[in-house]
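Okay, here's what each chain looks like letter by letter:
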Amino acid sequence: MAVLAAAALGGCTDDSDSSGDSQPGEGGTVGALGLPAEPAEQRTQVRKVWGRWPGDDDSARTRSLQRATGRVVGGWIDRAFVAVDYPASEFDGAFATFTRGAAAQARRDSWLTTNQTLGDRLVDAVPVKRTVSVIAFAPKGSAVGATAQVALVLQGVAESGQRRKLSVTGELHLTRVDGRWRIFGYDLQRSVHAPELRGSSGSSGGGG
Amino acid sequence: MTSTRSRTVTRIRRVVALGAVLTLTALLVPDAGPSPTRAALVRVQGGDAVDADDDVVWILALGSDARRGQSVLGSRADAIQLVGMNLRTGHATIIGIPRDSYVDIPGHGTNKINSAMVSGGPQLMASAVATMVGLTPDYVFTTSFWGFRFMVQRMAPLSVYSPFSWSIPAATVQRGENQLDGAEAIAFARMRKALPGGDFDRSRDQGFLLIAGLRRVRELTERGPGQLERLLVSFLANTYVDLPPDELYRLARAVLGIDPSRVTSCVVGGSTGTVGGASVVFANITRARSIVDRSRDDATLEGGC
């Protein structure tokens, strides 16, 4: 059983922002619209592999697993939240790295699995936290399943200048389908923080 | 301007792949090499492999009367529960089949359904159930009673509801919720004489045990990340499994998506009698097929059993 230390992917991150509550510009450059000039890059780590895993935390096998799982999760994050031409109400291709059944379910949950509820009101959005922590299952020396813990914090700004902070956290469940990693399930939590709004909105997933 | 923070928080769980009873076992089986003498999980020939596109997966969960050293795949199945799981909604239906049900066993005439395991292993057992209720399970999971006792002991206590009070040297059970250890759980699963409905009540209680086990497994796996992966390593070390490991992973992940509050448990009714001097159950086949037909596509039973 291999216990793996963190292996970071990507350089500049807001890793110190464990709460995800940092404000744009804190400790970094503020760009147009008051959003951070530099988006947080995705930081992927393989925390642990249960089973027979001959590699250590720095082995080629572990790095390969890290890249493959990070790419699958990152593909979803990009198309659903980050690499989006805001304002946006369509998020085509957001589930390209999902299994067919999971993609169908994710489309039904698009208020959660994409930035659909805020997207048409934003003019721009920048990730300030983007981490992926992977625990894999490799019973015969090859990883066949994994849990990816995800933490995404997205700073967005509306045309009025009002800012929104969207957090999406939870788990993605990964498996290999025809040799490729795919997301086949999820257990996610979404919260929207609107510090400049009057009153409060309590609708679930409404985004204030 | 008044500065007011607003925060909305929502959470949703979706698991689009499945398997129920096995995670329960993963927790509990004592450490040892894989052997069909403790527990076994096999895919039924002609059944569908768990797949992300499936909405419902059916597992035939069996309690074998195999003694230590005997294969659970060749011994009588004395607890028979057909479990349907909806991977999309988290609903599940558990259908208890009395072990003494006198039914057609394909290629082997008419006999008690629990003899099918002896005559033809899990494939024939699945065929016998299919002939009886009109649905072929996708998987058969079998555990010995002693293996089950150790499993429960590993995750005890198990909070199990009982409609009746009774007491024997091995266990004292109160009406209502009970906290059972491994030995008590096995006594609960086997108790028949103290129950007014005999075989039928015992089958109902076995369904309650499955629900309790699912609830407990979810509690344990929610303690932190990686718990499922850890349990599966133990499962594979202790269980004979003929599935590819990725299929096992999806199956196990799916079970954790089942919401215990969305599980309906039913028992196939009938009457008792004797055939050739042996006690048998003449199951109400029409009712059994009705239950299965209502839950076949979504693992739910609107309005209950």
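In the block above lies the structure referred to throughout.
In this text the structure is predicted, and so the values were computed from the model without any measurement. (Residues numbered from 1 in each chain as written. Chains lettered and ligands numbered in written order. Predicted model: local features only at pLDDT ≥ 70, side-chain atom pairs only at ≥ 80, totals over all residues. Heavy atoms only, no water.)

Student: Looking at this model, I keep getting lost on the overall build of chain B. Mind explaining?
Tutor: Within chain B, the regular secondary structure consists of eight helices and 16 strands. Counting the 305 residues in chain B, one finds 61% classified as buried. A sequence separation of at least 24 residues applies to 70% of the contacts in chain B between residues at least 6 apart. With an accessible surface of roughly 11400 Å², chain B has 46% of that area assigned to carbon and sulfur atoms. (Helix = DSSP H or I, 4+ residues; strand = E, 2+ residues; numbered from the N terminus. Buried < 20%, exposed > 50% of the residue type's maximum accessible area, 1.4 Å probe, protein only. Contact = heavy atoms within 4.5 Å. Areas by Shrake-Rupley, 256 points an atom, 1.4 Å probe, with all protein chains shown as cover.)

Student: Please explain the pairing of strand β5 (residues 92-96) of chain B as it appears in this structure.
Tutor: A regular strand places its side chains on the two faces of the sheet in alternate fashion. Residue and element names in this part refer to chain B. With respect to burial, β5 is a largely interior element, five of its five residues being buried. Where strand β4 (residues 77-86) and β5 come together, five bridges link them in antiparallel fashion. Bridge assignment links Gly-84 to a residue of β5, and that residue is Thr-93. Here five bridges tie β5 to strand β14 (residues 263-267), and the two strands are oriented parallel to one another. Paired with Gly-96 across the bridge in β14 is Val-267. (Pairing = 2+ DSSP bridges.)

Student: Got a minute to help me understand the packing of aromatic side chains in this structure?
Tutor: For any pair of aromatic rings, the description rests on two quantities: the centre-to-centre distance and the angle between the ring planes. Residue and element names in this part refer to chain B. Applying the stated criterion across every chain yields a total of eleven aromatic pairs over all chains. Both rings, one in Trp-166 and one in Phe-188, keep their centres 6.4 Å apart while their planes meet at 20°; by these two values the pair is stacked. Pair noted here: Trp-166 is in strand β10 (residues 166-168) and Phe-188 is in helix α4 (residues 182-190), with a separation of 22 residues, a long-range link. Residue Phe-188 is classed as buried on the basis of its relative accessible area of 0%. One Lys or Arg, Arg-68, reaches over the ring of Trp-146 and ends 4.4 Å from the middle of that ring. A cation sits over an aromatic face here: Arg-190 above Phe-145, 4.6 Å from the ring centre. (Phe/Tyr/Trp six-rings, centres within 6.5 Å; stacked < 30°, edge-to-face > 60°. Lys NZ or Arg CZ within 6 Å of the ring centre and 35° of its normal.)

Student: So what exactly am I meant to see when it comes to helix α5 (residues 199-221) of chain B here?
Tutor: Since the α-helix turns once every 3.6 residues, residues separated by three or four places project in the same direction. The end-to-end C-alpha distance of α5 of chain B is 33 Å, a good match for the 33 Å that 23 residues give at a rise of 1.5 Å each. Across the 23 residues of α5 of chain B, 20 count as buried, placing the element largely inside the fold. (Expected span 1.5 Å × (residues − 1).)

Student: Which parts of the structure should I look at to understand the pairing of strand β3 (residues 122-138) of chain A?
Tutor: Most of β3 of chain A is tucked away: 15 of the 17 residues are buried. Where β3 of chain A folds back onto strand β4 (residues 145-158) of chain A in an antiparallel hairpin, the turn is made up of six residues, including Gly-141 of chain A, whose phi is positive at roughly 90°.

Student: Help me understand the side chain of Ser-133 of chain A, please; the structure alone is not making it clear to me.
Tutor: Assignment of secondary structure puts Ser-133 of chain A in strand β3. A distance of 3.5 Å separates the side chain of Ser-133 of chain A from the side chain of Gln-45 of chain A, its partner in a polar contact. (Polar contact = N/O pair within 3.5 Å; in protein donor to acceptor, adjacent residues only side chain to side chain.)

Student: It is not clear to me how the environment of Arg-154 of chain B should be interpreted in this structure. Could you clarify?
Tutor: Tracing the backbone shows Arg-154 of chain B in helix α3 (residues 145-155). Spatially, the C-alpha atoms of Arg-154 of chain B and Asp-181 of chain B are 8.9 Å apart, while their sequence positions differ by 27 residues.

Student: Mind showing me how you'd approach the nonpolar core here?
Tutor: Proteins that are soluble and globular tend to have nonpolar side chains buried together. Ranked by size, the top nonpolar core spans 56 residues in total, and within it Leu-41, Tyr-139, Trp-166, Leu-209, Leu-232 and Leu-251 of chain B carry the most contacts. With seven residues, α5 of chain B is the largest single contributor of residues to this core. When sequence neighbours within four positions are dropped, the list of residues in contact with Trp-166 of chain B reads Ala-171, Thr-172, Val-173, Ala-187, Phe-188, Met-191, Ala-194 and Leu-195 of chain B. Core analysis: the next-biggest nonpolar cluster, separate from the first, contains 45 residues, Ala-68, Leu-118, Ala-138 and Leu-174 of chain A among them. (Core = buried A, V, L, I, M, F, W, Y, C linked by side-chain atoms within 4.5 Å.)

Student: What is the right way to look at the sheet that holds strand β13 (residues 240-241) of chain B in this model?
Tutor: Sheet strands pair via backbone hydrogen bonds, and the direction of the pair is either parallel or antiparallel. All names here are of chain B. With mixed pairing, seven strands are arranged side by side in an open sheet as β13-β2-β8-β3-β4-β5-β14. Unpaired on one side and paired on the other, β13 and β14 mark the two borders of the sheet. Direction of pairing for strand β2 (residues 39-43) relative to β13: parallel, over a ladder of two bridges. Note on β13: the bridge partner recorded for Ala-40 is Tyr-240.

Student: Please clarify how unusual backbone geometry should be interpreted in this entry.
Tutor: For residues besides glycine, phi is generally negative; the peptide bonds are generally trans as well. Residue Pro-87 of chain A is reached from Tyr-86 of chain A by a cis peptide bond, and omega for that bond is -5°. Looking at the secondary structure, you find Pro-87 of chain A in the loop between α1 (60-82) and α2 (100-108). For the bond from Ala-156 of chain B to Pro-157 of chain B, the omega torsion is 5°, close enough to zero to count as cis. Within the secondary structure, Pro-157 of chain B sits in the loop between α3 and β9 (158-162).

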